[in-house]
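# An overview of the molecular structure
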Amino acid sequence: MFSVPLIAMPAPTLIHVAIVDDDEAICRAMVRLLRAAGMSVVAFPSAESFLADRGGAQIDCLLLDIQLGGMSGIELQAELVAAGPTPPIVFLSAHDDLAMRERAMLNGCVAFLHKTQPADRLLAAIRSAAEGLPEHGSEVGLAPLPSASVGVRRLVAVVDDQPPVRLVVARFLTAFGFDCLPAGSSAELFRHELSGIDCFVVDIVLGDESGLELVTRLRQAGLVAPIVIISGDISALEWARSVGGATAYLAKPFSANQLFQAVSQALVGIAA
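Being a predicted model, the structure only gives us computed values, none of them experimental. (Residues numbered from 1 in each chain as written. Predicted model: local features only at pLDDT ≥ 70, side-chain atom pairs only at ≥ 80, totals over all residues. Heavy atoms only, no water.)

### Notes on the overall build of the protein chain
Threshold: In this text, helices come from DSSP runs of H or I with a minimum length of four residues, and strands from runs of E with a minimum of two, each type numbered from the N-terminal end. Residue exposure (1.4 Å probe, protein chains only): buried if accessible area is under 20% of the type maximum, exposed if over 50%, otherwise partly exposed. Contacts: residue pairs with any heavy atoms within 4.5 Å of one another. Using the Shrake-Rupley algorithm and a 1.4 Å probe, accessible areas are obtained, with residue cover drawn only from the displayed protein chains.
Within the protein chain one finds 10 helices and 10 strands. By residue count, 46% of the 272 residues in the protein chain fall in the buried class. For the protein chain, the share of sequence-separated contacts (at least 6 apart) that also reach a separation of at least 24 residues comes to 65%. Carbon and sulfur atoms form 58% of the exposed surface of the protein chain, whose accessible area is close to 13,200 Å².

Structural data, given as structure tokens:
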């Protein structure tokens, strides 16, 4: 008789979820759903109570309603981003609001779902957020991004050290018919062949060097493709504009149409 060794399987990682929703019935239903799926859940009735009471609790995913009684979900997201490292955010909305979705995703949310999404769709988004993965198809159930034809496909490099922002900017550009090369740093960008890039979209703040230093390196390398500088810091953006070197300057959060216009105008040599 053969003996088969027993292999200890690792226990599944417990996912800690915080819910912020002012609808008590919806909140109770989500708590039951997530606990039934084996997740640890804590619920808050408002953004203010979340900020006051969360303490140092581990949060692997923040499930956040857009419309709250006091501070909105978008305002809470902005405050968390400004304060430092932010837990992955999955937004829930009862309304199809393209502008709100664009703003939420440009500020770094992992997914933006309609409240009528099936339970398995919500659970998949939470698990992806907790594992640090972008949730593909995160706009399912909402209106698609606007699209436009730009003729010959152009290659745009997107350099931003925030993965969710980089993902969303690339998604916007792809929806408009561009090809995209995403990079999280200058070093990552320079590992690619850059001579075929038609336009660079560069954040001012990068992990290894500033966006303006990157602009200087690109010009020193003989690359003359237009550059669009983006930033969430208005004063830094104005300073970059005064220094020059780029074709367009765009403040975060921006809409898909604003991004398209900036890149399109840069490609035809129109300063913005």
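Continuing now.
### Let's talk about helix 3 (residues 73-83)
Selection rule: Note that the arc is defined by the directions from the helix axis to the C-beta atoms.
Within helix 3 the residues assigned to the buried category are Gly-73, Ile-74, Leu-76, Gln-77 and Leu-80. Mapping the buried residues of helix 3 onto a view down its axis gives an arc of 160 degrees, with all of them on the same face. In helix 3, the exposed residues that point more than 90 degrees away from the buried face are Ala-82 and Ala-83. Gly-84 lies just past helix 3 and shows a positive phi near 135 degrees.

### A short note on the sheet that holds strand 3 (residues 61-65)
Applicable threshold: Paired strands, in this sense, are two strands between which DSSP finds at least two bridges. Helix axes use the C-alpha atoms of the stretch in contact, all axes being lines fitted to C-alpha atoms, and the angles between their N-to-C directions lie in the range 0 to 180 degrees.
With parallel pairing, five strands are arranged side by side in an open sheet as 2-1-3-4-5. In the strand order of this sheet, the two ends are held by strand 2 (40-44) and strand 5 (111-114), each with one partner. Within the sheet, the average angular offset between the axes of one strand and its neighbour, ignoring direction, is 20 degrees. In this sheet, strand 4 (residues 89-93) lies alongside strand 3 in parallel orientation, the contact comprising four bridges. Its bridge partner being in strand 4, Leu-63 is matched across the sheet by Val-90.

### Here we look at the nonpolar core
What counts, and what does not: To form a nonpolar core, buried Ala, Val, Leu, Ile, Met, Phe, Trp, Tyr and Cys residues must be joined to one another through side-chain atoms within 4.5 Å.
In terms of nonpolar packing, the biggest core is built from 43 residues, with Phe-50, Phe-91, Val-228 and Val-263 touching the most fellow members. Apart from the residues lying within four places of it in its own chain, the contact partners of Phe-91 are Leu-64, Asp-65, Ile-66, Gly-73, Ile-74, Gln-77, Ala-104, Cys-109, Ala-111, Phe-112 and Leu-113. Ile-197, Phe-200, Ile-204 and Leu-237 belong to the second-largest nonpolar core, a separate cluster that totals 23 residues.

### Overview of the packing of helix 6 (residues 163-175) against helix 10 (residues 256-267)
How we decide: For classification purposes, angles smaller than 35 degrees are called roughly parallel, those larger than 145 roughly antiparallel, those between 65 and 115 roughly perpendicular, and all remaining angles oblique. Only Asp, Glu, Lys and Arg are considered charged, only Ala, Val, Leu, Ile, Met, Phe, Trp, Tyr, Cys and Pro nonpolar, and every remaining residue, Gly among them, polar.
Viewed as axis vectors pointing N to C, helix 6 and helix 10 meet at an angle of 70 degrees, and their least axial separation amounts to 10 Å. In terms of orientation, helix 6 and helix 10 fall into the roughly perpendicular class. Between helix 6 and helix 10, the contacting residues are Val-169, Phe-172 and Leu-173 on the first element and Ala-256, Leu-259 and Val-263 on the second. Here the residues of the contact of helix 6 with helix 10 are counted per class, giving six nonpolar, no polar and no charged.

### So, the pairing of strand 3
Note the cut-off: If you view a crossover with the strands going away from you and the path from the first strand over the helix to the second runs clockwise, you call it right-handed.
For strand 3, the tally of buried residues reaches five of five residues, placing the bulk of the element in the interior. Alternating residues of strand 3 divide into Cys-61, Leu-63 and Asp-65 and Leu-62 and Leu-64, and every residue in both groups is buried. Note: strand 1 (residues 16-20) against strand 3, four bridges, orientation parallel. Each bridged residue has a counterpart across the sheet, and for Val-20 the counterpart in strand 3 is Leu-64. Since strand 3 and strand 4 lie parallel, the crossover through helix 3 that links them has a hand, and here it is right-handed.

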